[in-house]
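Spelled out, the chains give:
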Amino acid sequence: MAVEKTNGDQFPTGMRVLAVDDDPTSLLVLETLLRRCEYHVTTTSQAVMALKMLRDNKNKFDLVICDVHMPDIGGFKLLELVGLEMDLPVILLSGNGDPKLVMKGITHGACDYLLKPVRIEELKNIWQHVVRRKKICPKDRNNSDNQDKPHHGGGEGAGTGNSDQNGKLNKRRKDQNEDEDEERDENENENEDQSSQKKPRVVWSVDLHQKFVAAVNHLGIDKAGPKEILDLMNVEKLTRENVASHLQA
DNA sequence: CGATGAATAT
DNA sequence: TATATTCATC
């Protein structure tokens with residue numbers, strides 16, 4: 001009697017995935033989809049918790065999938081730390097397909113960048129990242145590369161960007177410029193800051209806003225201009241344009 | 001030439 | 001969304 005077993009050696013089944021999303025609904029949806037793929041799913045709504053779990057049992061997960069926007073620590077920070085401390089594939093999620101964000105995610109080491117709403121078809125493929133990561137490391141096999149990208153026929157028109165980090169990417173542009181130094185090099189900054197925000201954006205705290213209002217009132221609503229407001233506020237590092245900008249809001 | 005406010009970009 | 005930056009005008 002031939003008892004056909006459902007592929008006992010199929011790896012993806014039971015793959016341990018850690019899903020992180022601050023939005024409970026999204027998280028639930030994600031969890032459901034992942035479970036349908038027969039993965040072993042663990043969920044958290046906080047990135048810090050995810051980090052803790054990952055640090056606690058370094059070998060208990062095969063892959064991390066997390067949202068980019070999160071209150072405690074940004075998805076990028078989590079991605080960075082995970083990539084640094086442990087060697088796990090990380091998949092990023094976000095609601096908008098802003099190419100800049102996608103680019104940032106990929107260059108920061110994400111294995112993939114999925115857009116919400118995530119389709120189960122996409123999740124069915126993510127195990128490939130785990131396999132690749134594991135196989136590349138042990139041996140340096142320079143055999144034929146597997147670069148097939150199965151497209152499942154759905155019939156929908158919307159396309160999703162997919163990228164893969166393989167080996168090292170290095171791009172350096174050498175440009176001989178004339179005597180004109182106006183070169184700005186993008187600098188990666190690693191900071192234990194709450195989101196990956198390294199540009200001291202002026203934050204209009206309540207206090208600052210009060211000063212602003214006070215200054216405007218002092219001058220008279222219709223007579224107040226950015227320059228005088230700025231002067232009356234006497235706040236260092238605050239530019240007239242900051243005030244002007246705030247004036248619009 | 002610089003301040004200003006609106007439009008536009010990130 | 002909030003704030004920055006650019007732009008046309010005064």
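Definitions and cut-offs
Residues numbered from 1 in each chain as written. Chains lettered and ligands numbered in written order. Predicted model: local features only at pLDDT ≥ 70, side-chain atom pairs only at ≥ 80, totals over all residues. Heavy atoms only, no water. Helix = DSSP H or I, 4+ residues; strand = E, 2+ residues; numbered from the N terminus. Buried < 20%, exposed > 50% of the residue type's maximum accessible area, 1.4 Å probe, protein only. Areas by Shrake-Rupley, 256 points an atom, 1.4 Å probe, with all protein chains shown as cover. Near = heavy atom within 4 Å. Polar contact = N/O pair within 3.5 Å; in protein donor to acceptor, adjacent residues only side chain to side chain. Nonpolar A, V, L, I, M, F, W, Y, C, P; charged D, E, K, R; others polar. Phe/Tyr/Trp six-rings, centres within 6.5 Å; stacked < 30°, edge-to-face > 60°. Pairing = 2+ DSSP bridges. Axes fitted to C-alpha atoms, helices over the stretch in contact; angles between N-to-C directions. Contact = heavy atoms within 4.5 Å. Salt bridge = Lys/Arg side-chain N within 4 Å of Asp/Glu carboxyl O.

The helix and strand tally for chain A stands at 9 helices and 5 strands. Seen in sequence order, chain A has helices and strands lined up from the N terminus as β-α-β-α-β-α-β-α-β-α-α-α-α-α. Counting over 249 residues, chain A shows a buried share of 31%. For chain A, the exposed area adds up to about 18100 Å²; of that, 48% sits on carbon and sulfur atoms.

This part covers the protein's contact with DNA strand B. The immediate surroundings of DNA strand B are formed by Arg201, Pro226, Lys227, Arg240, Leu247 and Gln248. With respect to DNA strand B, the backbone of Lys227 contributes an N or O atom lying 3.2 Å from a phosphate oxygen. At a separation of 2.7 Å, a base nitrogen of DNA strand B approaches a polar side-chain atom of Gln248. Of all the elements, helix α9 (residues 240–248) adds the most residues to the surface near DNA strand B, at 3 residues. Each residue belonging to the surface near DNA strand B can be placed in one class, and the counts come to 2 nonpolar, 1 polar and 3 charged.

Inspection of the entire model under this criterion finds 1 aromatic pair. Plain terms: the ring middles of Trp204 and Phe212 are 5.8 Å apart, the flat faces sit at 80 degrees to each other, and that makes the pair edge-to-face. Since its relative accessible area comes to 23%, Trp204 is described here as partly exposed. On the basis of relative accessible area, Phe212 is assigned to the buried category, the value being 8%.

Okay, the sheet that holds strand β4 (residues 90–94) next. Reading across the sheet, the 5 strands line up as β2-β1-β3-β4-β5 and stay open at both edges, with parallel pairing between neighbours. This sheet does not close on itself; its edge strands, each paired only once, are β2 (40–44) and β5 (112–115). In this sheet, adjacent strand axes meet at a mean angle of 20 degrees when their direction is disregarded. Inspection of the sheet shows strand β1 (residues 16–20) paired to β2 by 5 bridges, in the parallel sense. Its bridge partner being in β2, Ala19 is matched across the sheet by Thr43. Across the sheet, helix α1 (residues 24–36) is in contact with β1, β2, β3 (63–67) and β4; its angle to β2 comes to roughly 170 degrees. Running at roughly 175 degrees to β4, helix α3 (residues 75–85) makes contact with β3 and β4 of the sheet.

Inspection of the entire model under this criterion finds 7 salt bridges. Between Asp62 and Arg16 there is a salt bridge whose closest N-O contact spans 2.7 Å. Of this pair, Asp62 sits in the loop between α2 (47–56) and β3 while Arg16 sits in strand β1, and the two are 46 residues apart along the sequence. Given the relative accessible area of 27%, Arg16 is considered partly exposed. Here Glu85 makes a salt bridge to Arg55, at a shortest N to O gap of 2.6 Å. Of this pair, Glu85 sits in helix α3 while Arg55 sits in helix α2, and the two are 30 residues apart along the sequence. Taken together, the salt bridges that share partners define one network made up of Asp21, Asp67 and Lys116.

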